[in-house]
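Take a look at the letters that make up each chain.
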Amino acid sequence: MAIFASRYERKLPIDDTEAISCEIATVEEVDGHTEYLLRVQRGNSCWNVLHRYNDFNKLHQSLRISGIDLPLPGKRIFGNMRPDFIAERKEALQVYINTILMNPILASSLPAKRFVDPESYSQSFHDHALQNALLCLRNDTVWALGATMGAIGWRLRKHYFKVTTKPPEKSSNKLVKSGSQTQQSKHFASGSNGGSHSISIDAGSVDPNAEMVAEWLEYGPDKYVEEKEMNGVLKSLMGLQHPHIESIVLAANTENGCLFIRKFHKHGTLKDVLCMATPKNPFLSKYGNPKGRTALSMKQVATYGKQILDALIFLHSKGYAYGHLHSGNIVIVDDCVKLLDVENHLLGVPAFYRPFFVQHSKIHAIETIDVYCFGHVLFEMAMGYPLQESVVRQITECPEALKSLLESILSKEACKAGLPTLDQLMGHRFFTQYATESASTAEKPHFKLSLNAKELLRQAAVKSENRLRDEQKSVKNQKRIVRVQELMSSEEEKRKSKQKAKLEHKQSKLKQQGSLQASNGRLSLVAATAVASTSAAAVGGSGGGGVGLSTADSFNRSDSTPEEPPILAGHKTHTTIGGQTARQELPSSSSGAVGASVERQTSTPNMASEDAEAGEDDEPTRSALLESICKFNRGSLRKVRSND
């Protein structure tokens, strides 16, 4: 067995309850397919993971047992390499992975852990648990390990097995043991099993009809009690007796973890009762999306709550902290509460509600943690569903006394100012009004710890509190960084929106100016056309015989050649008729206003008329004049090659 056990790589314990964030940073094309680079962060650690779409699909198939509707984007066969489709799928996959990590049930599952952290969760936890459980019971003469019960709990490193009692050995020959053999038998009974140590009670004191379960649990990050001191504390836990604490039948430990045997209750835990679930079903199917929920009556809430407080106060009075209170660690037997897994504090495993109270710096002492977890259990019993946040926002549909009690524990103000003690909760008026007295039992509370064990547990509690404070500081700093990033992003968005507004305003002004200039150009063109038509009509009237240009001819010319600009009053103009030049002096009153507007726009017509006066009978002068006229307002007129 030692050979097989050595194959399992012993790494530093990981806090499986620590929150994990994941961001799809980039998209890469590898060997003709798309891979998504995931940047994962847990606390101060950060790493990258590459996944294809098929990996997301496999994760989705593994989580379907929960019954939770997850937004996985559909698969596409054609067009799946287009950049726009890849960008759209990247955003959809980011929403998908965020939905999983924000759900505490899904985030704590093994498929989700392996997806974001394959290096830490790639090994087979079940095989490792089976090897160690067999090692613990290898030399035990009472209990035999049976089949596995599957993942019925929320812890990844805790495994459940059926156990049965071994039949008594039949021997026909009665031999007398020697003194050395008697001493060896006592040694194995006390627990030396070749690398493991076990302590058990007499099997005759156990109900033969009761179903027993073996629970293997690895050590956690807050395990500070040394191996050689572990046996003494386990013996004390074996002798623990209290009407509201489930007793331990066997306790065995190795260098990797501990094995405990206790009674299995067929009705399940309090969480099974509230979710109306079958106890032996997988954890994801039981609590992922329960088919029904039920709440307890106020009488039951007060009675069970008072019994829980009684057990917690007893443990703290003996110098032992519980620290792992939640509805999955409570069973109801004949209207009587019994707490399970009292050994978890010794093994240093993280609490169920640690992701919640790690957000509040005032909740760090062991007793304060028990008070905070008690508030969550009380809320779940009264409402029928668990509180999904670290604080309660608004409490409705419950008596005023219960509302006052819950607000003193779970309100935002209480978590900032400080929580009440266990004794103060016991004296609350809610229990006085609604709780009933528990039936007296013959079992008297008993729990004895040595002074050395108490000191070891106190030091371990101080170290675990210090680790919790450090983690709370880290969470606080991360929240501050997130707020600063959100503030910076909001300021950046504001700056970008201002720049965009300025650019749009500038573009609208330029557009208005452009439309204004275009309209002015059209008005100038119409005015020039009117003046040219008037000039042509005047020339035709003075030449007689119908040889002058008419208004219709003027419009026909404007379609083929650029129009000639109007001649200002007082200037001379000439027209060629039959190869001869006819000169005409325009009166000063003809088109005065329009001519003035054309003169403000350009001075080319004036220069053209001066050139015409310099050489009236010269043909090259006429060509120069026509060329000058063609260059007039070229932005709005079409240039057509002259036939001259």
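Up top is the structure.
Quantities reported herein were computed from a predicted structural model and do not represent experimental measurements. (Residues numbered from 1 in each chain as written. Predicted model: local features only at pLDDT ≥ 70, side-chain atom pairs only at ≥ 80, totals over all residues. Heavy atoms only, no water.)

To continue, consider the sheet that holds strand S3 (residues 45-52). Across the sheet, three strands lie side by side as S1-S2-S3; this open sheet has antiparallel pairing. Edge positions in the open sheet fall to strand S1 (20-30) and S3, since each of these has one partner strand only. With direction set aside, neighbouring strand axes in the sheet form an average angle of 25 degrees. As defined by bridge partners, strand S2 (residues 33-42) adjoins S3 across eight bridges and the pair is classed as antiparallel. (Pairing = 2+ DSSP bridges. Helix = DSSP H or I, 4+ residues; strand = E, 2+ residues; numbered from the N terminus. Axes fitted to C-alpha atoms, helices over the stretch in contact; angles between N-to-C directions.)

With that settled, consider a positive patch on the surface. There is a patch of like positive charges on the surface, built from Lys 476, Lys 479, Arg 480 and Arg 483. Relative to the helices and strands, Arg 480 resides in helix H20 (residues 451-543). A relative accessible area of 38% means that Arg 480 is categorised as partly exposed. (Patch = residues over 30% accessible without salt bridge, like charges linked within 9 Å, V, L, I, M, F, W, Y side chains within 5 Å. Areas by Shrake-Rupley, 256 points an atom, 1.4 Å probe, with all protein chains shown as cover. Salt bridge = Lys/Arg side-chain N within 4 Å of Asp/Glu carboxyl O. Lys, Arg positive; Asp, Glu negative; His and termini not counted. Charge placed at Lys NZ, Arg CZ, Asp CG, Glu CD. Buried < 20%, exposed > 50% of the residue type's maximum accessible area, 1.4 Å probe, protein only.)

What follows is about the pattern of salt bridges. In total, this model carries 21 salt bridges according to the counting rule given. The salt bridge partner of Lys 158 is Glu 215, with a shortest N-O separation of 3.5 Å. With a gap of 57 residues between them, Lys 158 in strand S5 (residues 158-165) and Glu 215 in strand S7 (residues 212-218) connect regions that are remote in the sequence. The residues Lys 158 and Glu 215 share a single accessibility class, namely buried. In this structure, the salt-bridge partner of Glu 227 is Lys 223, at a minimum N-O distance of 3.1 Å.

Another aspect to go through is unusual backbone geometry. Backbone geometry at Asp 334 places phi at a positive 55 degrees, although glycine is not the residue there. Structurally, the position occupied by Asp 334 is in the loop between strand S10 (330-332) and strand S11 (337-339). Judged by relative accessible area, Asp 334 falls into the exposed class, the value being 74%. Phi at Asp 341 is positive, roughly 55 degrees, even though this residue is not glycine. Along the chain, Asp 341 turns up in the loop between S11 and helix H13 (344-347).

Right, let's talk about the environment of Lys 479 for a bit. By secondary structure assignment, the location of Lys 479 is in helix H20. A C-alpha to C-alpha distance of 9.6 Å links Lys 479 and Gln 359, two positions 120 residues apart in sequence.

Alternating residues of strand S8 (residues 250-253) divide into Leu 250 and Ala 252 and Ala 251 and Asn 253, and every residue in both groups is buried. Pairing geometry for S8 and strand S9 (residues 257-263), over four bridges, is antiparallel. Residue pairing for S9: Ala 251 is matched across the bridge by Phe 260. The antiparallel hairpin formed by S8 and S9 contains three residues in its connecting segment.

For the structure shown, the criterion picks out 13 aromatic pairs. Seen from their ring centres, Phe 374 and Phe 431 are 6.4 Å apart, and the 40 degrees between their planes marks the pair as tilted. Separated by 57 residues along the polypeptide, Phe 374 in helix H15 (residues 366-383) and Phe 431 in helix H19 (residues 429-434) bring together distant segments of the chain. The exposure class of Phe 374 is buried, given its relative accessible area of 0%. The exposure class of Phe 431 is buried, given its relative accessible area of 3%. Seen from the ring of Tyr 53, Arg 89 lies directly overhead, with NZ or CZ sitting 4.0 Å from the centre. Looking at Lys 271, its charged tip hangs above the ring of Tyr 287, at a distance of 5.4 Å from the centre. (Phe/Tyr/Trp six-rings, centres within 6.5 Å; stacked < 30°, edge-to-face > 60°. Lys NZ or Arg CZ within 6 Å of the ring centre and 35° of its normal.)

Attention now moves to the packing of helix H2 (residues 53-63) against helix H3 (residues 83-101). Put simply, H2 and H3 touch, their axes get as near as 12 Å, and they point 30 degrees apart. Remark: the crossing between H2 and H3 carries left-handed chirality. Taken together, the residues of H3 that come into contact with H2 (itself represented by Tyr 53, Phe 56, Leu 59, His 60 and Leu 63) are Arg 89, Leu 93, Tyr 96, Ile 97 and Ile 100. A breakdown of the residues in the contact of H2 with H3 according to their chemical character gives eight nonpolar, one polar and one charged. (Left-handed = near helix turned anticlockwise from the far one by under 90°. Contact = heavy atoms within 4.5 Å. Nonpolar A, V, L, I, M, F, W, Y, C, P; charged D, E, K, R; others polar.)

Another point: empty space enclosed by the protein. In total, this model carries five cavities of 30 Å³ or more according to the counting rule given. For the largest cavity, the calculated volume is near 430 Å³. The greatest single-element share of the lining of the largest cavity, amounting to three residues, is contributed by helix H11 (residues 283-287). Of the residues that constitute the lining of the largest cavity, the class distribution is eleven nonpolar, seven polar and nine charged. (1 Å grid on protein atoms, 1.4 Å probe; cavity = no way out; pocket = protein on both sides within 12 Å on 5 of 7 lines; lining within 4 Å. Points joined across faces, edges and corners; volume = space filled by probe spheres on them.)

Quick look at the state of the cysteines now. Evaluation of the coordinates by the stated rule reveals zero disulfides. Cysteine Cys 46 is unpaired, with the sulfur of Cys 22 as its nearest cysteine sulfur at 9.9 Å. (Disulfide = S-S within 2.5 Å.)

The next point concerns the pairing of S2. Across the ten residues that make up S2, a large majority, eight, are buried. One ladder, built from ten bridges, connects S1 with S2; its direction is antiparallel. Counterpart to Cys 22 in the pairing with S2 is Val 40. Linking S1 to S2, which pair antiparallel, is a turn of two residues; within it Asp 31 sits at a positive phi near 55 degrees. In this antiparallel pair of consecutive strands, S2 and S3, the connection spans two residues, and Gly 43 shows a positive phi of 65 degrees.

Spatial relationships are all this shows, so hold off on functional conclusions.
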